[in-house]
Amino acid sequence: MIDWTIITLTYNRRDSLERCVNSVLENLKTCKKDSYEYIIVDNDSYQNDKEKREDLFQYFEKLIFEYDFIEVFANEKNYTQTLGRNTALKYTKGKYILN
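Residues numbered from 1 in each chain as written. Predicted model: local features only at pLDDT ≥ 70, side-chain atom pairs only at ≥ 80, totals over all residues. Heavy atoms only, no water.

A.B. asks: How would you explain helix α1 (residues 14-28) if you had to name every residue and give the values?
C.D. replies: The end-to-end C-alpha distance of α1, which contains 15 residues, comes to 21 Å, matching closely the 21 Å that a straight helix rising 1.5 Å per residue would cover. Of the positions making up α1, those classed as buried are Arg14, Leu17, Val21, Val24, Leu25 and Leu28. Summarising the axial view, the buried residues of α1 lie within an arc of 95°, below the 170-degree limit, and thus occupy one face. Opposite its buried face, α1 presents the exposed residues Asp15, Arg19 and Asn27, each directed more than 90 degrees away. (Helix = DSSP H or I, 4+ residues; strand = E, 2+ residues; numbered from the N terminus. Expected span 1.5 Å × (residues − 1). Buried < 20%, exposed > 50% of the residue type's maximum accessible area, 1.4 Å probe, protein only. Arc of directions from axis to C-beta.)

A.B. asks: Account for the pairing of strand β3 (residues 70-74), naming residues and giving values.
C.D. replies: Where strand β2 (residues 36-42) and β3 come together, 5 bridges link them in parallel fashion. Bridge pairing in β3 links Ile39 to Glu71. In this view, the connection linking β2 to its parallel neighbour β3 by way of helix α2 (residues 50-66) has right-handed handedness. (Pairing = 2+ DSSP bridges. Right-handed = clockwise from strand over helix to strand, strands pointing away.)

A.B. asks: Tell me about the packing of aromatic side chains, residues and numbers included.
C.D. replies: Scanning all chains against the criterion turns up 6 aromatic pairs. Relative to Phe60, the ring of Phe57 has its centre 5.6 Å away and its plane inclined at 85°; by these criteria the two rings are edge-to-face. Of this pair, Phe57 and Phe60 are both found in helix α2, 3 residues apart, which corresponds to roughly one turn of the helix. Overall, Phe57 belongs to the partly exposed group, its relative accessible area being 26%. Phe60 gets classed as buried once you look at its relative accessible area, which sits at 2%. Ring centres 6.4 Å apart and planes at 40° place the aromatic pair Tyr59 and Phe60 in the tilted group. Tyr59 sits in the buried class, given a relative accessible area of 5%. Chaining the aromatic ring pairs together yields one cluster made of Tyr36, Tyr67 and Phe69. In this arrangement the basic side chain of Arg14 is found over the ring face of Tyr59, its NZ or CZ atom lying 4.2 Å from the centre. (Phe/Tyr/Trp six-rings, centres within 6.5 Å; stacked < 30°, edge-to-face > 60°. Lys NZ or Arg CZ within 6 Å of the ring centre and 35° of its normal.)

What follows is the structure in structure tokens.
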């Protein structure tokens, strides 16, 4: 059973996103395996910059490939913080949510 769901919402923050993800992953090393999931929601980052957008999505693919507990969802537009987080809440399996 999954106890914890960690949610990160991002919008045009590739550099700080990587630092955030690394921090979460480092802290999860001390947690019981299979007791958590990590959901990242992108709120349509870099819609006008194809190169940055491709870089971001390559990063997401790398995360999904390396970590089976990470899920990434990409919104079609910037739904603001509240609606962006609601995207993640639709898919959470955890008993507790860290947002």
